[in-house]
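Structural description and commentary
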Amino acid sequence: MTTETNTAFEGFKDAFKNIQNLEVPEAAREFVKKTANTAKDRAAEVFAGSERVTAAVENAVTESVTEAGKISRNIQQAIYEDAEAFFSGIDKLASAKSVSEAVEIQSSLLRARGEAFVSRAKATADYLGNLAANGAKSAQDNFAKVYNKTA
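Residues numbered from 1 in each chain as written. Predicted model: local features only at pLDDT ≥ 70, side-chain atom pairs only at ≥ 80, totals over all residues. Heavy atoms only, no water.

The name given to the chain in an unreviewed UniProt entry is Phasin, with the source organism recorded as Bradyrhizobium commune.

In structure tokens:
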């Protein structure tokens, strides 16, 4: 049985020997090289594109954090100014010698606080308008950078 098995596999042995010595045509080798180089170039382009996207996101997040810090500081400043105005108003009211003088001081304080409120509302609207416009422009610029480089 061993002889029969050896004889049955002789054809396979010869075929494998011939495959090992089989020459790959030059065109096939060039095709594989070109395909590998193209894939390598595409991988580099994808990596570069992902780096640009990451940089754009990082830039947007940094700008958002910076703006959030500015907003927080402005709110804290407004709260401090309001508290300072309130205590200053109490001090002025305490110095009133008559009811009519107290009413006059109170009216003056209310007018001043109303003007401060209107001024802050206008400044906030302007700030938010500029922030939205700058954010949209920044997003558009970042998108253009990413899109133009990857297209």
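From this point, things continue past the structure.
Now for the overall build of the chain. Scanning the chain for helices and strands turns up 3 helices and 0 strands. Helices (α) and strands (β) of the chain occur, in sequence order from the N terminus, as α-α-α. Sorting the 151 residues of the chain into buried and exposed places 7% on the buried side. At a minimum sequence separation of 6, the contacts of the chain that also span at least 24 residues come to 65%. Summing over all exposed atoms, the chain offers an accessible surface of approximately 12500 Å²; the carbon and sulfur share of this is 63%. (Helix = DSSP H or I, 4+ residues; strand = E, 2+ residues; numbered from the N terminus. Buried < 20%, exposed > 50% of the residue type's maximum accessible area, 1.4 Å probe, protein only. Contact = heavy atoms within 4.5 Å. Areas by Shrake-Rupley, 256 points an atom, 1.4 Å probe, with all protein chains shown as cover.)

Among the surface-exposed residues, Val53, Val57, Val61 and Val65 lie close enough to one another that they form a single nonpolar patch of about 330 Å² accessible area. Structurally, Val65 is set in helix α2 (residues 26-94). (Patch = residues over 30% accessible without salt bridge, like charges linked within 9 Å, V, L, I, M, F, W, Y side chains within 5 Å. Salt bridge = Lys/Arg side-chain N within 4 Å of Asp/Glu carboxyl O.)

The next thing to look at is the packing of aromatic side chains. If you walk through the whole model with that rule in mind, you get 1 aromatic pair. Between Phe86 and Phe87 the ring centres are 5.4 Å apart and the planes differ by 70°, which places this aromatic pair in the edge-to-face class. (Phe/Tyr/Trp six-rings, centres within 6.5 Å; stacked < 30°, edge-to-face > 60°.)

So, on to the environment of Ala85. Topologically, Ala85 is positioned in helix α2. Given the relative accessible area of 21%, Ala85 is considered partly exposed. For the pair Ala85 and Arg113, spaced 28 residues apart in sequence, the C-alpha to C-alpha distance is 8.1 Å.

This model, assessed by the stated rule, comprises 7 salt bridges. A salt bridge links Glu67 to Lys70; the nearest nitrogen and oxygen atoms lie 3.3 Å apart. With Glu67 and Lys70 both in helix α2 and 3 residues apart, the pair spans about one turn of that helix. A relative accessible area of 18% places Glu67 in the buried class. The partner of Asp82 in a salt bridge is Arg113, with the nearest N and O atoms 2.4 Å apart. Note that Asp82 is positioned in helix α2 and Arg113 in helix α3 (residues 99-150), a separation of 31 residues in sequence. Put simply, Glu81, Asp82, Arg113 and Arg120 are held in one network by salt bridges that share partners.

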